[in-house]
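Examination of the molecular architecture
Chain by chain, the residues:
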Amino acid sequence: MLIFHPLERALNNMSEAAHTKSGSRIWLTGASYGIGRSLAIELARSGARIGITARSEDKLEQVQADIEAAGGSAMPLPGDVTDRAAMKELAERMRSEMGGIDILVANAGTHLRTEVERFDVAEYMSLMNLNYAGALNCIEAVLPEMLRTGSGQIVGVASLAGYRGVPSAAAYGASKAALIHFLESMRFDVRDHGISVTIVNPGFVKTPLTDKNEFKMPFMIDSDKAARIIRRGIERKKREIAFPRPFSSFIKFLRILPMSLYIALMGKTWKRMQID
């Protein structure tokens, strides 16, 4: 019987992770700015072959140039994730060019503040269509091939705001909660087919979206650091990537509280986050 030293096992795992990331064919949506842009550069720098999607072709070309400057390569695939047929076409283009798609990172999304004085159902459903249905359109575009080959990884970028209701984020949180629930359920259905599911739940990350927030954002990190955290989690095929740790631990704690305690503690926390 062979007995492996823990260090040797760790080195073997590191070698396997390095092998997995190098040359992996990754389709990343929402790649034109923020977390998506930083993640595209981070993944390409690690040796992955990247297909990048966003609505703006000009911005994608700039991201491609930044990736090439960092020593990587990328294939621009401009398109709108809310267009179901277009996502199937983009996935087929990437498969034709690269021979397949190993990993989908469904990152495209946006944020809208919910204001009860200006209740707008059309606006909220548009957010749901982008943040939730947009991810599903991309999953639909890659899943049949992953099932056929018996391998693949589906990564969905949700948010800690999807754990439980938080002030001013009713529509945004609902869209992310839907994505979290869908991916958690889907994991049971695809795991016997060799497909893994990773849910990314960031806290506050400095991006053009969070720049619009008019409240204090605790434990905020920059998008490059977020990209490194996500890349490592993808390589390890983690079920969930939640960060930054102090804030995500606090939000996870709030999730298990009884409703009355949650309302009281979240209310006090929200007051402290307001800018004087």
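First, a word on what this report is: a plain description of the structure on this page. (Residues numbered from 1 in each chain as written. Predicted model: local features only at pLDDT ≥ 70, side-chain atom pairs only at ≥ 80, totals over all residues. Heavy atoms only, no water.)

Overview of the overall build of the chain
Let me state the cut-off plainly: Helix and strand definitions follow DSSP, with helices as H or I runs of at least four residues and strands as E runs of at least two, each counted in order from the N terminus. Residue burial is assigned from relative accessible area. The probe radius is 1.4 Å, only protein chains are included, and a residue is buried under 20% of its type maximum, exposed over 50%, and partly exposed in between. It only takes one pair of heavy atoms within 4.5 Å for two residues to be counted as in contact. Reported accessibility uses the Shrake-Rupley method at a 1.4 Å probe radius. Residues are deemed covered only where the shown protein chains occlude them.
Summing up its helical and strand segments, the chain has nine helices and nine strands in all. Expressed as a percentage of its 276 residues, the buried residues of the chain come to 46%. Taking the intrachain contacts of the chain between residues at least 6 apart in sequence as the baseline, contacts between residues at least 24 apart amount to 68%. Put simply, the chain shows about 14,500 Å² of open surface, and 54% of that area lies on carbon and sulfur atoms.

A few points about helix α6 (residues 170-190)
Where we set the bar: Here, expected helix span is obtained from the residue count minus one, scaled by 1.5 Å.
Under the 1.5 Å per step criterion, the end-to-end length of α6 is 30 Å for 21 residues, consistent within 8% with the ideal 30 Å. Buried residues of α6: Ala171, Tyr172, Gly173, Ser175, Lys176, Leu179, Ile180, Leu183, Met186, Arg187 and Val190, and no others. As for α6, its buried residues are in contact with α5 (121-149), β5 (152-157) and β6 (195-202).

Describing the nonpolar core
Nonpolar side chains tend toward joint burial in soluble globular proteins. Which entries qualify depends on this criterion: The term nonpolar core refers to a set of buried residues drawn from Ala, Val, Leu, Ile, Met, Phe, Trp, Tyr and Cys, joined through side-chain atoms within 4.5 Å.
Core analysis: the largest hydrophobic core is formed by 43 residues, its most contacted members being Trp27, Met87, Leu104, Ile139, Leu143, Ile154 and Leu183. At the level of elements, α4 (84-98), β4 (103-106), α5, α6, β6, α8 (245-255) and α9 (259-272) are the ones that each hand at least two residues to this core. When residues of this core are assigned to their parent elements, the largest contribution, eight residues, is made by α5. Those residues within four positions of Met87 in sequence are excluded, and the remaining contacts are Trp27, Gly79, Asp80, Val81, Asn137, Cys138 and Ala141. One finds Ile26, Leu43, Ala54 and Ile67 within the second-largest nonpolar core, a separate group that totals 31 residues.

Description of the side chain of Ser248
Position of Ser248 among the secondary structure elements: in helix α8. For Ser248, the residues in contact, after removing those within four places along its chain, are Leu160, Ala242 and Phe243.

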